[in-house]
Amino acid sequence: MDKLVIEGGAPLKGRVRVSGSKNAALPILLAALLPDGEVTLENVPDLRDIKTTYRLLELLGCQVENGAGVVRVTAGKDLQPEAPYELVRTMRASVLCLGPLLARLGRATVALPGGGAIGARPVDLHLRGLEKMGASFVMEHGNIKGKCKRLKGAQINFDFPTVGGTENLLMAAATAKGETVLENAAREPEIIDLANFLVACGARIEGQGTSVIRIQGVDRLSPCRYRIMPDRIEAGTYLVAGAITGGNLMIEDCPLEALDAVATKLIQMGVRIEEKKDGVQVSRKGRLQAVDVTTQPFPGFPTDMQAQVMALLCTAEGSAVIRETIFENRFMHVLELVRLGADIKLSGQSAVVRGVDRLVGAPVMASDLRASASLVLAGLAAKGTTEVRRIYHLDRGYEHMERKLSAVGARIRRERDES
Ligand code: UD1
């Protein structure tokens with residue numbers, strides 16, 4: 001296992017480029033199961049979850065060729081309908097192959113994902129929606145076993161605007177018979193990217209990015225070439241990195257329009273964010289001010305930025321309340337931040353962060369992807385040495401993070417963790 005060793009205190013200066021979006025690339029790679037032929041995807045990030053998705057696609061019978069951010073996926077005639085537990089347990093998003101497999105093969109066996117570190121994360125809304133389209137499911141040995149004739153259009157009203165559920169249903173509906181209407185659909189930018197990819201393959205979709213998405217099923221999809229959007233959460237993490245170190249960063253390929261809620265909070269805190277011709281510049285003047293944050297589905301403040309902004313609030317002036325409304329257990333980073341000298345009290349789904357003058361380096365343990373990012377950020381600002389252990393979580397979702405940070409002046413290195 002690797003760890004990151006960070007000597008804190010260096011203000012980050014220079015340019016950092018945002019990679020392609022993990023959360024857009026995952027469903028789009030699996031949507032490549034739908035057309036018969038070679039799909040070419042650009043700007044695919046080099047991440048552990050993405051490599052897991054290639055393995056999954058190969059197990060399902062696809063050919064995957066991967067070179068320098070450009071990936072070709074060919075889903076020929078001989079597809080297999082089974083996503084085994086060994087893969088699903090390492091990456092919950094594997095469940096997104098359910099919709100495309102049912103649409104393409106009329107059957108799918110996908111291991112039921114277990115609970116994650118951040119919460120229970122059931123998939124009931126995915127299954128209920130697919131049932132409305134004519135699929136039936138049984139549970140067998142921990143697997144969801146689904147079958148259907150050609151899926152048929154349906155009116156589906158989600159109890160909650162689930163991101164994965166909306167994606168699964170969008171993929172299932174693209175080639176279903178007739179019209180599907182998704183109500184209370186998730187509005188995340190990654191949903192728009194998936195819908196745009198499907199449209200580039202010949203799907204007829206309207207309303208992506210709003211709560212009501214209408215899909216007129218077509219008989220078949222054709223392969224296309226598509227460029228994945230930049231990663232808004234990685235971009236947001238670098239905005240915080242610039243601010244927390246009191247540096248001056250130019251973030252290239254920063255999807256600022258998809259980061260509105262985050263940028264608004266950062267600006268309220270006193271972070272300077274300026275849109276320039278060649279990127280988004282982030283800097284700050286003086287000490288930041290505490291502001292309250294509540295996570296919400298898009299366009300609200302993203303749960304995937306909660307941990308990073310908490311790191312930033314640790315040294316702001318005043319107290320802030322952070323409320324987590326999306327996942328029930330997404331405060332695993334709190335006790336680790338406290339090890340770095342933060343003053344944070346947890347009460348149910350809220351955390352009260354009282355700003356301290358300075359964080360001080362210490363060994364800490366990463367528990368999930370975004371928690372890891374928050375510990376790296378805190379380490380960059382802390383006095384002395386911080387060691388972040390279990391960074392395999394980080395490798396799931398941040399492309400070459402230590403390389404990108406070193407290039408802008410961070411004193412950060414990867415080491416084998418023998419302990
Ligand atoms: C996606 C993102 C993840 C992000 C999350 C919320 C990917 C690969 N992952 O996860 O990074 O944190 O959106 O923005 O894109 N729920 C149910 N039943 C369901 C589905 C969801 O109760 O069938 C609940 C979940 O337990 C959770 C909430 O709805 O409490 C949000 O989940 P969802 O939007 O589905 O998140 P994911 O798609 O898993």
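Above this text you will find the structure in question.
Residues numbered from 1 in each chain as written. Predicted model: local features only at pLDDT ≥ 70, side-chain atom pairs only at ≥ 80, totals over all residues. Heavy atoms only, no water.

### Digging into the site of the ligand
Taken together, 17 residues sit near the ligand, with D124, L125, T162, D304 and I326 positioned nearest. A distance of 2.7 Å separates a nitrogen atom of the ligand from a polar side-chain atom of D124. G164 is positioned with one of its backbone polar atoms (N or O) 2.8 Å from an oxygen atom of the ligand. Starting from 750 Å² of accessible surface for the ligand in isolation, the protein chains cover 83%. When residues of the shell around the ligand are traced back to their parent elements, those giving at least two are α1 (22–31), α5 (124–132) and α6 (163–174). Broken down by element, the residue count for the shell around the ligand peaks at three residues, all from α5. When the residues that make up the shell around the ligand are grouped by side-chain class, the tally is eight nonpolar, five polar and four charged. (Near = heavy atom within 4 Å. Polar contact = N/O pair within 3.5 Å; in protein donor to acceptor, adjacent residues only side chain to side chain. Areas by Shrake-Rupley, 256 points an atom, 1.4 Å probe, with all protein chains shown as cover. Helix = DSSP H or I, 4+ residues; strand = E, 2+ residues; numbered from the N terminus. Nonpolar A, V, L, I, M, F, W, Y, C, P; charged D, E, K, R; others polar.)

### Overview of the packing of aromatic side chains
Tallying each qualifying case throughout the model produces one aromatic pair. With a centroid separation of 5.8 Å and an interplanar angle of 75°, the aromatic rings of F197 and Y226 are classed as edge-to-face. Here the residue F197 occupies a position in helix α7 (residues 189–200), and Y226 occupies one in strand β14 (residues 225–227), the gap between them amounting to 29 residues. On the basis of relative accessibility, which here comes to 0%, the residue F197 falls in the buried class. (Phe/Tyr/Trp six-rings, centres within 6.5 Å; stacked < 30°, edge-to-face > 60°. Buried < 20%, exposed > 50% of the residue type's maximum accessible area, 1.4 Å probe, protein only.)

### Some details on the sheet that holds strand β13 (residues 213–216)
What the four strands build is an open sheet, ordered β10-β11-β13-β12; its pairing is mixed. The open sheet terminates on both sides in strands that have one partner only, identified here as β10 (155–157) and β12 (204–206). Recorded for the sheet is a direction-independent mean angle of 15° between the axes of neighbouring strands. As paired elements, strand β11 (residues 179–183) and β13 share four bridges and run antiparallel to each other. Within β13, the residue paired with E179 across the bridge is Q216. Contacting β10, β11, β12 and β13, α6 runs over the sheet at an angle of about 25° to β13. (Pairing = 2+ DSSP bridges. Axes fitted to C-alpha atoms, helices over the stretch in contact; angles between N-to-C directions. Contact = heavy atoms within 4.5 Å.)

### Overview of the nonpolar core
Ranked by internal contacts, the top residues of the largest apolar core, which has 77 residues, are L170, F197 and L198. Once residues within four sequence positions are removed from consideration, F197 is found in contact with I28, A31, A32, V39, L41, C224 and Y226. Grouped together as the second largest cluster of nonpolar side chains are 72 residues, L256, V262, M305 and A381 included. (Core = buried A, V, L, I, M, F, W, Y, C linked by side-chain atoms within 4.5 Å.)

### Some words on the pattern of salt bridges
Counted according to the given criterion, the structure contains 29 salt bridges. D159 serves as the salt-bridge partner of R128, at 3.1 Å between the closest nitrogen and oxygen. Note that R128 is positioned in helix α5 and D159 in the loop between β10 and α6, a separation of 31 residues in sequence. With relative accessibility at 58%, the residue D159 sits in the exposed group. Where D395 meets R414, a salt bridge forms, and the shortest distance between an N and an O atom there is 2.8 Å. Pair noted here: D395 is in helix α13 (residues 392–397) and R414 is in strand β24 (residues 411–416), with a separation of 19 residues, a long-range link. Overall, the relative accessible area of 24% leaves D395 in the partly exposed class. Each of D2, D395, E402, R414 and R416 takes part in one network of salt bridges that share partners. (Salt bridge = Lys/Arg side-chain N within 4 Å of Asp/Glu carboxyl O.)

### Topic: α7
Here α7 spans 16 Å end to end across 12 residues, near enough to the 16 Å set by a 1.5 Å rise per residue. Within the sequence span of α7, burial applies to P189, E190, I191, D193, L194, A195, F197 and L198. Directly beyond the C-terminal end of α7, a positive phi value near 110° is found at G202. (Expected span 1.5 Å × (residues − 1).)

### Digging into the sheet that holds strand β22 (residues 363–365)
Taken in spatial order, the four strands line up as β22-β23-β1-β24 in an open sheet, and their pairing is mixed. The sheet terminates laterally at β22 and β24, the two strands that pair on one side only. Across the sheet, the axes of successive neighbouring strands diverge by a mean angle of 25°, strand direction being ignored. Note that strand β1 (residues 2–7) and strand β23 (residues 385–389) share four bridges and pair antiparallel. For V5, the partnering residue across the bridge sits in β23 and is E387.

### Here we look at helix α12 (residues 369–381)
With 13 residues, α12 ought to run about 18 Å at 1.5 Å a step, and its terminal C-alpha atoms sit 19 Å apart, in line with that. Here α12 lies mainly inside the structure; 13 of its 13 residues are buried. Measuring from the backbone nitrogen of R370 back to the side-chain oxygen at the start of α12 gives 3.1 Å, which picks out D368 as the cap.

### As for unusual backbone geometry
Residues other than glycine predominantly adopt negative phi, and peptide bonds predominantly adopt the trans conformation. Omega for the peptide link from F298 to P299 comes to 10°, which places this bond in the cis form. Tracing the chain through its elements places P299 in the loop between β18 (293–294) and α10 (306–313). Non-glycine residue N43 carries a positive phi angle of around 65°. In this fold, N43 is placed in the loop between β3 (37–42) and α2 (48–59). By relative accessible area, which is 17% here, N43 ends up buried. Not every positive phi belongs to a glycine, and H141 is a case in point at roughly 50°. Residue position: H141 is located in the loop between β8 (136–140) and β9 (143–147). H141 gets classed as exposed once you look at its relative accessible area, which sits at 79%.

### Overview of the environment of E252
With respect to the secondary-structure elements, E252 resides in strand β15 (residues 248–252). Along the sequence, E252 and L30 sit 222 residues apart, while their C-alpha atoms lie 27 Å from each other.

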